[in-house]
Amino acid sequence: MPINPDALGAEGSPVESSWDSKDCLLYALGVGAGMDDPVGSELEFTTENSHEVTQLALPTMCVVLGDGMGGNPDNPMRHLGPFNPALLLHGEQTITLHRPLPTEATISTVAKITGVYDKGKAAVVEITSSATDTADGQPMYTNVATLVLRGEGGWGGDRGPSAPGTDRPDRDPDKVVSYTTRTDQALLYRLNGDRNPLHSDPAFAALAGFDRPILHGLCTYGFTGRALLHAVCDGDPERFGGMYGRFSAPVFPGDRLDVHVWIDGDRAWYRTLVGDRAVIDNGTLTLA
């Protein structure tokens, strides 16, 4: 049954959430920080009490800090009507940091459905979440998530924009950063809040067409963000302004991620591969 296209524009009430030093450490470990890193030391992201090291938060942590939907009875997603969560896939993710993330803060986040598209066999829904710092009312970050709801299209609506192309340089990558995920990576990452059983329950994963649980797309996104932070921003979160990527293939815990990076002045492009398969494609990094 197609979803309700009139959900476009639905906006939730503000949701307040907080995080602290421990949450930053858990997220960093969840996206592989502290493992053998080929690019840079990561004590600043994995410890809070190392000598002459000031704790920092990874920029991509904003994807787990508050989307304005979780725990919100006014969740705008309810306007879409019922759909099968086992057939939901994460299509694209964009983050914009309006300031470096602190290691503790309280924010207020508002979620809004900013796109509802009919792709025939699937519906595509765009959710924009805007977070402000409750201490001063200033913007903290903006997340835009594109969700693919398989089996929910076919009402004859607007197909929406085509997937963006890329203008990355036509040459071999300037840098390649490789990380091997843990076989229990999804079980660790889920402690950041995403308890979707697609990433932990073999029976649920089978309902979605996978022979075993897959890694969270946003975990792969976090690994990739770490690679970009070190390879392009010299490990400095203040230089990391934003990141876009299109999820193009699943990743399984234990897979090795090869992040191919192209750099041209204040711009950077990337592709994340497992073997010869692109798992995040057409990626861009915006420098602050």
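None of the values given here were measured: they were computed from a predicted structure.

J.: Looking at this structure, I do not really get the overall build of the chain. What am I missing?
T.: Across its full length, the chain holds six helices and 10 strands. What you see for the chain is a C-alpha radius of gyration of 18 Å, in line with the 19 Å of a compact globule of 288 residues. Considered along the principal axes of its C-alpha atoms, the chain spans approximately 55 × 45 × 40 Å. For the chain, buried positions account for 49% of its 288 residues. Taking as baseline every contact in the chain between residues at least 6 positions apart, the subset at least 24 positions apart corresponds to 75%. A total of about 13,000 Å² of accessible surface is found on the chain, and carbon and sulfur atoms cover 50% of it. Mean positive and mean negative side-chain charge positions of the chain (22 and 38 charges, respectively) differ by 6 Å.

J.: Honestly, unusual backbone geometry in this entry has me stumped. Any pointers?
T.: Leaving glycine out, the prevailing phi sign among residues is negative, and the prevailing peptide bond configuration is trans. A positive phi is found at Glu-52, a non-glycine position, where the angle reads about 60°. With respect to the helices, strands and loops of the structure, Glu-52 is situated in the loop between α2 (43–46) and α3 (62–65). The backbone of Asn-282 shows a phi angle near 55°, a positive value even though the residue is not glycine. Under the relative-accessibility criterion, Asn-282 is labelled buried at 10%.

J.: Which parts of the structure should I look at to understand helix α6 (residues 217–233)?
T.: Since the α-helix packs 3.6 residues into each turn, any two residues three or four apart lie on the same face. Taking 1.5 Å of rise per residue, the 17 residues of α6 would be expected to cover 24 Å, and the 23 Å separating its terminal C-alpha atoms lies within 8% of that figure. Of all the 17 residues making up α6, 16 are buried; the element is thus mostly covered by neighbouring parts of the structure. One or two positions beyond α6, positive phi appears at Asp-234, with a value near 55°.

J.: Looking at this structure, how should I read the packing of aromatic side chains?
T.: Two aromatic rings are characterised by how far apart their centres lie and by the angle between their planes. For the structure on display, the rule yields three aromatic pairs. Sitting over the ring of Phe-252, Arg-212 keeps its end group 4.0 Å from the ring centre. Across from the ring centre of Tyr-179, 4.1 Å away, lies the NZ or CZ of Arg-226, which sits over that ring.

J.: Looking at this structure, how should I read the side chain of Thr-272?
T.: Summarising the element assignment, Thr-272 is placed in strand β9 (residues 267–274). Taking the relative accessible area as the measure of exposure, Thr-272 reaches 0% and is therefore buried. Of note is the side chain of Thr-272, whose polar atom sits 2.9 Å from the side chain of Thr-224. With residues up to four places along the chain from it excluded, the contact list for Thr-272 reads Thr-220, Thr-224, Leu-257, Asp-258, Val-259, Arg-277, Ala-278, Val-279 and Ile-280.

Rules used throughout
- Residues numbered from 1 in each chain as written.
- Predicted model: local features only at pLDDT ≥ 70, side-chain atom pairs only at ≥ 80, totals over all residues.
- Heavy atoms only, no water.
- Helix = DSSP H or I, 4+ residues; strand = E, 2+ residues; numbered from the N terminus.
- Rg over C-alpha atoms; globule rule 2.2 N^0.38 Å.
- Buried < 20%, exposed > 50% of the residue type's maximum accessible area, 1.4 Å probe, protein only.
- Contact = heavy atoms within 4.5 Å.
- Areas by Shrake-Rupley, 256 points an atom, 1.4 Å probe, with all protein chains shown as cover.
- Lys, Arg positive; Asp, Glu negative; His and termini not counted.
- Charge placed at Lys NZ, Arg CZ, Asp CG, Glu CD.
- Expected span 1.5 Å × (residues − 1).
- Phe/Tyr/Trp six-rings, centres within 6.5 Å; stacked < 30°, edge-to-face > 60°.
- Lys NZ or Arg CZ within 6 Å of the ring centre and 35° of its normal.
- Polar contact = N/O pair within 3.5 Å; in protein donor to acceptor, adjacent residues only side chain to side chain.

By themselves, these figures tell us nothing about what the structure is for.
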